Amino acid sequence: THIIFFLKQLCVYAKNFDFIEDFDDNSNFWNVNSNEFYTAKVENGKYTINHIDSLGANLFWNHNVDIEFESDFLITTSYHQLSGSDLYAHGLVWGGLDGNNFYAFTISSQGVANIYKFDDGDYINLLEPIDKSEFIYGLGEENILSIQKSGDQVFFLINGNLIHSCLYQKNFGNKIGFVLNTNMKISVDWLKIKSGDFQIKADIDQPDIIWITPSHG
């Protein structure tokens, strides 16, 4: 019943997103800094992040988007891994407060899918990692990750295929962004959000970039 309801709601939500980021410019203030650990830029309709360091992970928050995660929501994004390690993970982070408190939905180009959280710095799996998922496309190919909360359930999709559902857990905060583990480069095509309580905070002009270690898939 939940899955049928989810699919119907996904079709409804897709027609009326509250927020569509297509990276035509950087009006939503994504980090575009460059240093010895990473480079990040918005260019040619893409948000391109190159995680240079071979250790740890970086979280790329956007403070300009504020989602009330207690309401029903849909988050969906399209991106490619362009180069780097295909062993480690990349993906969406949401419900974040800081580098010690957030949720993540990640994949690797070798086909591993994972859903986890950091709770006061403790790493906790919400799904035993799925090895060699047939739904994940490889290095250089587009992958679309989607997360939807409907009632007390949360659903996770890879390229339109439902891989997991579970009871909703209270989020730590309202931050959203991306995570890259070890040396890899991704190019984000778009990010779309639908929520029952949503706002854009135009007064925020710079997101946090948070270093976390050790790395996890």
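Residues numbered from 1 in each chain as written. Predicted model: local features only at pLDDT ≥ 70, side-chain atom pairs only at ≥ 80, totals over all residues. Heavy atoms only, no water.

Caption draft 1: Representation of empty space enclosed by the protein in the model. A complete count under the given rule lists two cavities of 30 Å³ or more for this structure. When its volume is computed, the largest cavity comes out at roughly 90 Å³. Lining the largest cavity, in full, are F73, W94, Y103, L126, V154, F156, C166, L167, Y168, Q169 and N171. Within the residue set of the lining of the largest cavity, elements represented by two or more residues are strand 12 (153-158) and strand 13 (161-167). Its residues assigned to classes, the lining of the largest cavity shows nine nonpolar, two polar and no charged. (1 Å grid on protein atoms, 1.4 Å probe; cavity = no way out; pocket = protein on both sides within 12 Å on 5 of 7 lines; lining within 4 Å. Points joined across faces, edges and corners; volume = space filled by probe spheres on them. Helix = DSSP H or I, 4+ residues; strand = E, 2+ residues; numbered from the N terminus. Nonpolar A, V, L, I, M, F, W, Y, C, P; charged D, E, K, R; others polar.)

Caption draft 2: Spotlight on the pattern of salt bridges. A complete count under the given rule lists three salt bridges for this structure. Note that D189 is salt-bridged to K46, the shortest N-O span being 2.4 Å. Residue D189 is found in strand 15 (residues 184-195), and its partner K46 is found in strand 3 (residues 46-51); the two are separated by 143 residues along the sequence. Residue K46 is classed as partly exposed on the basis of its relative accessible area of 31%. A salt bridge links K149 to D72; the nearest nitrogen and oxygen atoms lie 3.5 Å apart. A residue pair is termed long-range when its members are at least 10 positions apart, and K149 in strand 11 (residues 142-150) and D72 in the loop between strand 5 (65-67) and strand 6 (73-84) qualify at 77 residues. (Salt bridge = Lys/Arg side-chain N within 4 Å of Asp/Glu carboxyl O. Buried < 20%, exposed > 50% of the residue type's maximum accessible area, 1.4 Å probe, protein only.)

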